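Each chain, letter by letter, is given below.
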Amino acid sequence: MVPAWLWLLCLSVPQVSLETKDGRVLWGPQPVRVHVKDENDQVPRFSQAIYRAQLSQGTRPGIPFLFLEATDADEPGTANSDLRFHILSQAPAQPSPDMFQLEPRQGALALSPKGSTSLDHALEGPYQLLVQVKDMGDQASGHQATATIDVSIVESTWVPLEPIHLAEHLQVPYPHHIAQVHWSGGNVHYHLESQPPGPFDVDAEGKLYVTSELDREAQAEYLLQVWAQNSRGEDYAEPLELHVVVMDENDNVPVCPPLGPPISIPELSPLGTEVTRLSAEDADAPGSPNSHIVYRLLSPEPEEGATGRAFELDPTSGSVTLGTAPLHAGQNILLQVLAIDLAGAEGGLSSTCEVTVTISDVNDHAPEFTTSQIGPISLPEDVEPGTLVATLMATDADLEPAFRLMDFAIDGGNMEGIFGLDWEPDSGEVQLRLCKNLSYEAAPSHEVVVVVQNVAELMGQGPGPGATATVTVLVERVLPPPKLDQDNYEATVPVSTPAGSLLLTVQPADPTSRPLRFSLANDSEGWLCIDKVSGEVHTAQSLQGAQPGDTYTVLVEAQDADEPRLSTSATLVIHFLKAPPPPALTPAPVLSRHLCTPRQDHGVIVSGPSEDPDLASRQGPYSFALGPNPTVQRDWRLQPLNGSHAYLTLALHWVEPHEHVVPVVVSHSGQMWQLLVQVIVCRCNVEGQCMRKVGRMKGMPTKLSAVGTLVGTLAVIGLFLILIFIHLALARKKDLDQPADSVPLKAAV
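Remember, it's a predicted structure, so these values are computed and weren't measured experimentally. (Residues numbered from 1 in each chain as written. Predicted model: local features only at pLDDT ≥ 70, side-chain atom pairs only at ≥ 80, totals over all residues. Heavy atoms only, no water.)

### Examining the sheet that holds strand E44 (residues 594–596)
Alright, step 1. Sheet architecture is open: 4 strands sit in the order E44-E50-E49-E46, paired in mixed fashion. Looking at strand neighbours, the two that pair on one side only are E44 and strand E46 (623–626), the edges of this open sheet. Averaged over all pairs of adjacent strands, the angle between their axes in this sheet comes to 40°, without regard to strand direction.
Alright, step 2. One ladder, built from 4 bridges, connects E46 with strand E49 (residues 658–668); its direction is antiparallel. Looking at the pairing, Ala-625 lines up with Val-665 of E49. (Pairing = 2+ DSSP bridges. Helix = DSSP H or I, 4+ residues; strand = E, 2+ residues; numbered from the N terminus. Axes fitted to C-alpha atoms, helices over the stretch in contact; angles between N-to-C directions.)

### Let's talk about the side chain of Glu-381
Alright, step 1. Within the fold, Glu-381 resides in the loop between strand E30 (373–380) and strand E31 (388–395).
Alright, step 2. Buried charged residue Glu-381 carries no salt bridge. Nearest counter-charge: Arg-477, at 5.5 Å.
Alright, step 3. Side-chain polar atoms of Glu-381 contact the backbone nitrogen of Tyr-440, separated by 2.9 Å.
Alright, step 4. Look past the residues within four positions of Glu-381 in its chain and what remains in contact with it is Leu-438, Ser-439, Tyr-440, Glu-441, Val-475, Glu-476, Arg-477 and Val-478. (Buried < 20%, exposed > 50% of the residue type's maximum accessible area, 1.4 Å probe, protein only. Lys, Arg positive; Asp, Glu negative; His and termini not counted. Salt bridge = Lys/Arg side-chain N within 4 Å of Asp/Glu carboxyl O. Polar contact = N/O pair within 3.5 Å; in protein donor to acceptor, adjacent residues only side chain to side chain. Contact = heavy atoms within 4.5 Å.)

### Some details on the state of the cysteines
Alright, step 1. The final tally for this structure, using the stated rule, is 2 disulfides.
Alright, step 2. A disulfide bridge connects Cys-256 with Cys-353, and the sulfur atoms are separated by 1.8 Å. Since a negative S-S torsion denotes a left-handed disulfide, the Cys-256-Cys-353 link at about -80° is left-handed. Of this pair, Cys-256 sits in the loop between strand E20 (254–255) and strand E21 (263–266) while Cys-353 sits in strand E28 (residues 350–360), and the two are 97 residues apart along the sequence. (Disulfide = S-S within 2.5 Å.)

### With respect to the confidence of the model for the protein
Alright, step 1. Across the protein, the average pLDDT comes to 82, with 88% of residues at 70 or higher.
Alright, step 2. pLDDT under 50 marks residues 738–749. Its contacts with residues more than four places away, or in other chains, come to 0 contacts. (pLDDT = per-residue confidence, 0-100.)

Printed below as a string of structure tokens:
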């Protein structure tokens with residue numbers, strides 16, 4: 001056996017042999033089939049590093065406009081050469097970050113549905129897409145390469161075609177070019193169909209041809225449809241339609257000048273002002289009837305009932321002038337003028353020329369208020385300055401904003417500057433506001449006159465009466481609400497209190513305040529009543545159903561007698577007590593028939609039988625009640641003692657001292673009569689004795705006689721004083737008449 005180090009394995013494809021070190025062949029050569037397994041060692045490559053494409057607005061979504069190409073040197077049909085295309089980024093990302101879609105297997109770039117809706121709002125600049133190609137199919141691993149696509153968004157030129165008029169038997173070289181269509185995007189092929197089939201074709205540049213003469217008698221019209229398609233025959237957009245009309249002889253129509261900007265004519269322009277002059281052209285031979293054009297005004301038509309037209313047209317020169325019908329600012333009028341060759345004769349060709357006329361505004365309308373009289377508006381005199389009084393609205397029929405600017409001013413009724421105006425410069429709304437305090441005493445009402453005028457100079461007639469508005473403001477005197485002497489009232493009464501009993505008096509807090517009118521609310525049982533003037537609360541009926549310990553609450557309402565809107569209220573709570581026992585009678589008050597004021601604990605016994613002797617012999621109970629006079633029911637209280645007598649006492653703490661006649665109604669055996677009980681109310685001493693006023697005693701001087709005596713005495717005294725003064729005066733005169741030597745000398749000390 002040969003040692004292993006002596007052998008040398010020599011490989012050559014496709015044969016293998018085994019030799020010794022000295023070159024002797026031990027085995028072989030033998031053919032060997034070697035299978036080389038492909039490894040993913042090749043990177044995909046795009047056919048271009050930068051692709052450029054044009055995308056026309058109006059392209060359908062999903063229709064490819066660019067096909068990417070890439071190769072991979074790995075074994076075909078294996079995953080190593082299975083390529084996928086992807087969009088990595090889009091710049092810019094507006095208006096949508098997903099404007100495009102890329103078929104992963106075919107590399108076909110198309111507009112996405114979202115991109116189709118956003119394409120009309122796309123940027124004018126190009127979009128740049130970064131795309132990737134990767135092998136290994138949909139597996140995450142694999143080699144990849146990138147390329148850039150510059151997509152330019154171009155305006156769509158796929159616009160409808162005007163009808164074409166072709167003369168029959170036209171003597172021109174064929175094919176004859178008749179129209180042009182153009183798809184502004186790239187990678188386009190055109191396809192044409194004719195209905196009915198006719199001699200028409202389209203080339204790669206979108207030029208439409210007629211390939212032979214047309215015969216009008218055989219077919220007068222054709223409808224051509226042209227499609228723009230990609231290399232796969234997919235339509236980029238809807239087909240364009242072209243109507244071909246085969247004309248006889250006069251085959252050139254008048255051509256109107258291009259539609260220019262609107263012609264502006266000021267309103268109130270005089271009659272006959274030239275608006276424009278039309279000049280249509282006819283490609284037929286100059287000077288021939290086929291090129292002799294006349295004009296006819298199609299619109300606007302005269303309004304129904306109008307005596308004239310707004311525009312007049314010279315049929316020969318094409319001059320358009322203003323007519324007699326009035327025009328108004330802001331009108332946009334489309335003038336349609338028919339241009340007819342053959343001098344307007346039958347069979348002439350025509351075109352409709354259009355001119356847009358705008359009637360510009362002039363300041364010929366004065367602003368006016370929508371309402372000339374506002375109010376009366378009532379304001380309390382204590383309203384704060386700055387309060388909004390009224391909002392006035394003015395309108396101006398002019399259309400130009402500068403002519404609608406208004407100024408407002410107060411023209412009357414504001415001598416003291418109480419009111420002011422506030423408005424925005426470009427608004428027709430003005431606010432009348434209070435600037436100073438109101439005073440009812442100074443002025444109970446105001447009539448404020450507001451005027452409006454234009455800022456710009458007014459043309460024509462001046463402002464009318466609608467430029468003035470009057471706001472009437474009534475000042476309401478502010479009076480304080482009435483106030484009662486108590487916030488809440490309470491009274492405690494026995495359940496046996498009869499009807500008409502005075503419970504209490506509701507009074508204003510200030511006795512000198514304005515008079516009030518009183519009423520009760522929530523008197524569900526009807527037990528109470530109140531005098532609307534005095535405020536005295538009485539029982540309206542017996543308190544039947546009231547239980548001792550219960551309370552009864554009503555609401556006392558007080559309104560100003562002159563201003564009913566001024567009111568106040570207070571609660572009145574009635575506490576019910578048990579009926580009091582009959583008071584202990586004392587003999588003295590019964591006999592004296594006098595009662596003390598302030599009130600003391602005694603009264604007067606009233607007897608039914610004794611007061612009516614005719615009925616004294618009758619048996620049965622007597623019933624007693626005070627007369628219906630409210631004053632009597634207020635001042636007195638009558639309580640039954642037994643079946644034949646009642647007890648009369650004072651109801652108030654103080655009653656005016658004098659002799660009172662108290663009517664008492666007595667009922668017995670179905671009959672009723674009235675007793676007049678005489679009671680003397682007087683001031684009493686501490687022992688309860690009545691202190692009555694003493695009359696004049698006989699022999700005592702009266703006040704008049706005393707005054708006479710005093711006056712007589714003073715007269716006598718005055719007479720004596722007068723006599724003394726006269727005597728002294730005479731003695732003094734006598735001394736002055738004596739000689740000087742007869743006057744005795746006074747002793748000198």
